[in-house]
Amino acid sequence: PFVLFAIFPTIIKSLPKSGGWLNNVKVVLAFIELALALKFLSVADLAYGWNILPRETFLTLWIVIFFLLGLYLLGVIQFKHDSKPKYLSVTRLFLSIIPLAFAIYMIPGLWGAPCKAISAFAPPMSTQDFNLYTNAFEPDTKDFELAMEMSRKENKPVMLDFTGFGCVNCREME
């Protein structure tokens, strides 16, 4: 954007002046940053084995964050620097529906639904204690020597999965 403004300085004059709308943008971005901070904390949690942020806890926090974001966009929640909107515009209504629908989408994940749209962000299903989802695949063992021995006895091939704690693509493949 800075290159465009340098080439076409008159564009700057057409931009809206900062005001209440900019504060709304900052608050919305703060909610999103909080959600993404939890994602990165969950990667550290998986890597170090702290077990402080299992899938249910992560999803609960994201549901709360996005539900509050939706309420903020509706004008139900206000902060110190916010001005009370005189009316709810159609744009703001549709923008509030997005995080509210996203929060509702994640609720079945608390009982083990895969929630494939966020599978790259949420901790893996293996960290979830309460799981009603029966189609998940878990390996019989994660021990290489034991897997090779089981393979020989059952005359079946072995699939090796090289993965990482923060590897989004690996989680999607699994």
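For the structure, check the block above.
Nothing here was measured: the structure is a model prediction, and the numbers come from that model. (Residues numbered from 1 in each chain as written. Predicted model: local features only at pLDDT ≥ 70, side-chain atom pairs only at ≥ 80, totals over all residues. Heavy atoms only, no water.)

## A few points about the nonpolar core
Put simply, the rule reads: The term nonpolar core refers to a set of buried residues drawn from Ala, Val, Leu, Ile, Met, Phe, Trp, Tyr and Cys, joined through side-chain atoms within 4.5 Å. Accessible area is worked out with a 1.4 Å probe on protein chains only. A residue is then buried under 20% of its type maximum, exposed over 50%, and partly exposed in between. Only DSSP runs of H or I with at least four residues qualify as helices, and only runs of E with at least two residues qualify as strands; both kinds are numbered from the N terminus onward. Should any heavy atoms of two residues lie within 4.5 Å, those residues are counted as being in contact.
Among the nonpolar cores identified, the biggest contains 20 residues, and Phe58, Trp62, Phe66, Met106 and Ile118 are the most heavily contacted of them. Of all elements in the fold, only helix H3 (20-48), helix H4 (55-74) and helix H5 (90-106) reach the threshold of two or more residues within this core. The element best represented in this core is H4, accounting for nine residues. Residue contacts for Met106: discarding those within four places in its chain leaves Leu59, Trp62, Ile63, Phe66, Cys115 and Ile118.

## Regarding the pattern of salt bridges
Going by this rule: Criterion for a salt bridge: a side-chain nitrogen of Lys or Arg within 4 Å of a carboxyl oxygen of Asp or Glu.
Under the defined criterion, the tally for this structure stands at two salt bridges. Across the pair Lys153 and Glu149 runs a salt bridge, and its minimum N-O distance is 3.3 Å. Here Lys153 pairs with Glu149, and both are found in helix H6 (residues 144-154), just four residues apart, close to one helical turn. Glu154 is the partner of Lys156 in a salt bridge, and the nearest nitrogen-oxygen pair spans 3.8 Å. With relative accessibility at 46%, the residue Glu154 sits in the partly exposed group.

## Structural notes on unusual backbone geometry
With a phi close to 45°, Cys115 is a non-glycine residue in the positive phi region. Tracing the sequence through the fold places Cys115 in the loop between H5 and H6. Taking relative accessible area as the criterion, Cys115 reaches 6% and is therefore assigned buried.

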